[in-house]
Amino acid sequence: MLKLLNIKLTIAIDGPAGAGKSSAAKLLAQKLGYTYVDTGLMYRVIAWAAVTKAIIPDNKSIIDTLFSEFKIEFQAEGVSFKVLAQAENITHKLRTPDVSRYASLYSGLPAVRDYLLGLQRKMGQSGGVIMEGRDIGTVIFPEADCKFFLDADTKERALRRHQELKAKDNPTKLTDTIRDIQKRDAQDSRRKLAPLKKAADAIVIDSTNLTLEQVVDMMLSHIDRVT
Ligand code: DC
């Protein structure tokens, strides 16, 4: 592990909703002293802003206008980052089931993907980064040093999301969460542009019966092997 500390790798984690990507990426970032980038949050902020203004973000200048009107900023917060709109921290507002649905819907638009591709490549250009999403190993950083595809049973993923929402005073019915996750899986993996899929050289980890620590240990031992 010691040899890792001086190397600034680019690590990609992809996978479906609720597979544990954010928790694993955050813990891994803490252990390695890397920056964690949650790309889903970027799709979510576009969806939130577009829904708030009741417009469809289908060209780049609309997204530019949304970002400037709301004064959207991504600010570092520990190993992670938070999203500000007009200087207010709105990160918690971006995790509701409604924003999830619109983020998935609008993430199929070419203007949205194009806009975020530039931003994400810039954020990861110096390495020392763990970026998670749906297309990091396939499109954003196809040359990443390490790629993981984190998966879990649909029911287990829905249960985790359900508990997360409950803990944040945003209770939902488990059956609704299962239906939402299935719909999002289908939408994210069937879209034409940058669909959710495993990169050919990604390591698959099924987290259904694993603890967070076990997942991160598996990642660390793989990273250690390839460096
Ligand atoms: O990871 P998340 O659940 O916060 O992502 C929300 C939506 O954003 C997801 O359903 C699809 C989209 N997304 C994407 O298309 N590509 C990414 N790299 C990350 C998220």
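Anything mentioned here points back to the structure above.
K.L.:
Before we go on, may I ask you to explain the site of the ligand in this structure?
P.N.:
Neighbouring the ligand are 14 residues; Arg44, Arg134, Asp135, Arg184 and Asp188 lie closest to it. Residue assignment for the shell around the ligand shows that the elements contributing at least two residues are α2 (39–52), α4 (97–106) and α8 (174–190). Top element by residues in the shell around the ligand is α2. It accounts for 4 residues. Partitioned by chemical class, the residues of the shell around the ligand number 2 nonpolar, 5 polar and 7 charged.

K.L.:
Explain the sheet that holds strand β4 (residues 80–85) here, please?
P.N.:
Within a sheet, adjacent strands bond to each other through the backbone by hydrogen bonds, running parallel or antiparallel. With antiparallel pairing, the 3 strands of this open sheet are ordered in space as β3-β4-β5. Lying at the two open borders of the sheet, with one neighbouring strand each, are β3 (73–77) and β5 (88–89). For β3 and β4, the ladder comprises 5 bridges, and the chain directions are antiparallel. Considered in β4, the bridge of Gln75 is made with Lys82.

About the cut-offs
Sequence positions are assigned chain by chain, starting from 1 and proceeding in written order. Local features in a predicted model are, by the rule used here, given only for residues with pLDDT of at least 70; side-chain atom pairs are given and counted only at 80 or more, and totals for whole chains, interfaces and linings are based on all residues. Water and hydrogen atoms were dropped before computing side-chain values, which therefore reflect all heavy atoms in the structure. One heavy atom suffices: a residue is near a molecule or strand as soon as one of its heavy atoms comes within 4 Å of it. Secondary structure elements follow DSSP: runs of H or I of four or more residues count as helices, runs of E of two or more count as strands, with numbering from the N terminus. Side-chain classes follow a simple rule in which Ala, Val, Leu, Ile, Met, Phe, Trp, Tyr, Cys and Pro form the nonpolar group, Asp, Glu, Lys and Arg form the charged group, and the remainder, Gly included, forms the polar group. Strands are treated as partners if at least two bridges between them are detected by DSSP.

Interpretation in functional terms is not warranted from these geometric data alone.
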